[in-house]
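# Descriptive analysis of the structure
Here's the letter readout for the chains.
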Amino acid sequence: MPDRTFLTWPFFEDRHRQLADRLETWCAKNLPVEHHDVDDACRELVAKLGRDGWLKPTALDPANPAPLDVRTLCITRETLARHDGLADFALAMQGLGTGAITLFGTPDQQRWLAKTRAGEAISAFALSEPRSGSDVANMEMSAVRDGGDYVLSGEKTWISNGGIADLYVVFARTGEAPGAKGISAFIVPGDAKGLGIAERLQVIAPHPLARLSFDNVRVPASALIGKPGEGFRIAMSVLDVFRSTVGAAALGFARRALDESVSRAAERKLFGAPMAELQMVQGHIADMALDVDAAALLIYRAAWTKDMGAARVTREAAMAKLFATDKAQEVIDKAVQLHGGDGVRKGHIVESLYREIRALRIYEGASDVQKVVIARQVMGGA
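Let me sum up the structure you'll find in this document. (Residues numbered from 1 in each chain as written. Predicted model: local features only at pLDDT ≥ 70, side-chain atom pairs only at ≥ 80, totals over all residues. Heavy atoms only, no water.)

Aromatic ring pairs: the centre-centre distance and the angle between the two ring planes describe each pair. Following the criterion strictly, the structure yields nine aromatic pairs and no others. Taken together, a centroid distance of 5.8 Å and an interplanar angle of 25 degrees make the contact between F6 and Y300 stacked. Pair noted here: F6 is in the segment before helix 1 (14-30) and Y300 is in helix 7 (residues 279-307), with a separation of 294 residues, a long-range link. Connected via pairs of aromatic rings, a cluster forms that spans F6, W9, F11, F12, Y300 and W304. The ring of W112 carries K115 above its face, with NZ or CZ at 5.9 Å from the centroid. (Phe/Tyr/Trp six-rings, centres within 6.5 Å; stacked < 30°, edge-to-face > 60°. Helix = DSSP H or I, 4+ residues; strand = E, 2+ residues; numbered from the N terminus. Lys NZ or Arg CZ within 6 Å of the ring centre and 35° of its normal.)

With 29 residues, helix 7 ought to run about 42 Å at 1.5 Å a step, and its terminal C-alpha atoms sit 42 Å apart, in line with that. Among the residues of helix 7, those classed as buried are V281, I285, M288, D291, V292, A295, A296, I299, Y300, A302, A303 and T305. For helix 7, the secondary structure elements touched by its buried residues are helix 3 (70-83), helix 6 (231-267) and helix 8 (314-339). Positive phi shows up at G309, right after helix 7, with a value of about 110 degrees. (Expected span 1.5 Å × (residues − 1). Buried < 20%, exposed > 50% of the residue type's maximum accessible area, 1.4 Å probe, protein only. Contact = heavy atoms within 4.5 Å.)

This model, assessed by the stated rule, comprises zero disulfides. Not part of a disulfide, C42 finds its nearest cysteine sulfur in C27, a span of 15 Å. We classify C42 as buried; its relative accessible area is 1%. Free of any disulfide, C74 has its nearest cysteine sulfur in C27, 15 Å distant. With a relative accessible area of 0%, C74 lands in the buried category. (Disulfide = S-S within 2.5 Å.)

By size, the foremost hydrophobic cluster in this structure holds 114 residues, and its most contacted members are L152, F171, V188 and Y300. It is helix 6 that provides the largest number of residues to this core, a total of 16 residues. Contacts of V188, omitting those with residues within four sequence positions, involve L152, L167, Y168, V170, L195, F214, V217 and V219. (Core = buried A, V, L, I, M, F, W, Y, C linked by side-chain atoms within 4.5 Å.)

Right, let's get into the pattern of salt bridges. Enumeration over the complete set of coordinates arrives at 30 salt bridges. A salt bridge links R51 to D52, with the shortest nitrogen-to-oxygen separation between them at 2.8 Å. Judged by relative accessible area, R51 falls into the exposed class, the value being 55%. Between R312 and D240 there is a salt bridge, with the nearest N and O atoms lying 2.9 Å from each other. Within this pair, whereas R312 is found in the loop between helix 7 and helix 8, its partner D240 is found in helix 6, the two being separated by 72 residues in sequence. Each of the salt bridges in this network shares a partner with another, and the network as a whole consists of E13, R15, D69, R71 and D307. (Salt bridge = Lys/Arg side-chain N within 4 Å of Asp/Glu carboxyl O.)

This part is about the packing of helix 3 against helix 4 (residues 85-104). Put simply, helix 3 and helix 4 touch, their axes get as near as 5 Å, and they point 150 degrees apart. Note on element contacts: helix 4 touches helix 3 through G85, A87, D88, L91 and A92, opposite T76, R77, L80, A81 and H83. Its residues placed into classes, the contact of helix 3 with helix 4 shows five nonpolar, three polar and two charged. (Axes fitted to C-alpha atoms, helices over the stretch in contact; angles between N-to-C directions. Nonpolar A, V, L, I, M, F, W, Y, C, P; charged D, E, K, R; others polar.)

Turning our eyes to something else, we now look at the side chain of T245. Its location among the elements puts T245 in helix 6. For T245, a relative accessible area of 2% gives the class buried. Side-chain polar atoms of T245 contact the backbone oxygen of F242, separated by 2.7 Å. For T245, the contacting residues outside a window of four places in its chain are V70, L73, C74 and R77. (Polar contact = N/O pair within 3.5 Å; in protein donor to acceptor, adjacent residues only side chain to side chain.)

This part takes up the environment of D293. Mapped onto the elements, D293 comes out in helix 7. Spatially, the C-alpha atom of D293 lies 9.8 Å from that of D3, the residues being 290 residues apart in sequence. Non-local contacts of D293, meaning those with residues more than four positions away in its chain, are made with D3 and W9.

One can find G231 in helix 6. In this structure, the C-alpha to C-alpha distance between G231 and F6, residues 225 residues apart in sequence, is 37 Å. Leave out the neighbours within four places in its chain, and G231 touches F171, I183, S184 and A185.

Another aspect to go through is the pairing of strand 4 (residues 167-173). Every other side chain in a regular strand lies on the same face of the sheet, so the side chains alternate between the two faces. The element strand 4 is largely enclosed, with a buried count of six among its seven residues. The pairing of strand 1 (residues 123-126) with strand 4 spans four bridges and is classified as parallel. The residue bridging A126 from the neighbouring strand is V170, located in strand 4. The pairing of strand 4 with strand 5 (residues 183-189) spans seven bridges and is classified as antiparallel. Bridge assignment links V169 to a residue of strand 5, and that residue is I187. (Pairing = 2+ DSSP bridges.)

What follows concerns the packing of helix 3 against helix 6. Viewed as axis vectors pointing N to C, helix 3 and helix 6 meet at an angle of 35 degrees, and their least axial separation amounts to 7 Å. In this structure, helix 3 crosses over helix 6, and the sense of that crossing is right-handed. A class-by-class count of the residues in the contact of helix 3 with helix 6 yields 11 nonpolar, four polar and six charged. (Left-handed = near helix turned anticlockwise from the far one by under 90°.)

Remember that the coordinates give geometry; whether it matters functionally is a separate question.
See below:
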């Protein structure tokens, strides 16, 4: 069983502890799912998570508006990731995909949220482009005003849920000013005319990803989220909320790797004694446990700070994501080493964790970008 003593920390309220207990029970009954067809698996997971109420924290409830509870999101992602990386992915993209609508959408736009929170619609966040990943301000996709509509043209890539999403929040250049100040955000239905799947992208941990083409995709002006030129600020505000949860998913992977390693050390015998008696093995386990706890402290500090009403948690969230994802990679690598040949055997849980963790150090702000963000915050810059 994973260490759950962190739930006694003062970052949490009783409702968080109760949620963790209920979700643990649900995961034991429902996860993992079969991943052979990743599209069908994601659809199944979104439907199950929505049916049983686990998607409710991912977006605003228009009937009862309240700020997102980032601690709930982090506990949920950590727990799901520990059981099934694709389940974590399915939940996370529902939140990220609708984050702009939750934070900046009109009441009419927020009607989408009833469907995404119920698992009846799949959402996606379309920001990255072939020549502007980390450099968001350099995006080329355009949105040109044409009477009562906007016409979107260009490409987006590495889009999670690309090809299966019912709605995309798409960022495009509207030209109010150069660079970041000339970008706007739009809601684009998945069946919009001119929206195509240019390429399905295969990665080491199978997830539904795609490169999307926008061939004069026409959307009404009412699809604009916020005001023209506010897209960059909207995107950064969404990432400010959800970046801590990426660290939480990494923490879930790391906890599972630690648990598997402790079991391995207790059960496996080397040189006539359990592996656990070897001091080198004990040293690895100690390092792994230290990194897990340190990551948890940074993640739940960031989540608690946001939930207490901080306008921005840019520094805290960047630290949490950077440390948790980088250290989870190290923890999982140690787990592979402790498992020997089994650690690289296809289908073994440690092997799957090794493939799952790598992307988290890239998406929603690569580790190198997080260092720049932290440095600017520390030095008082933008």
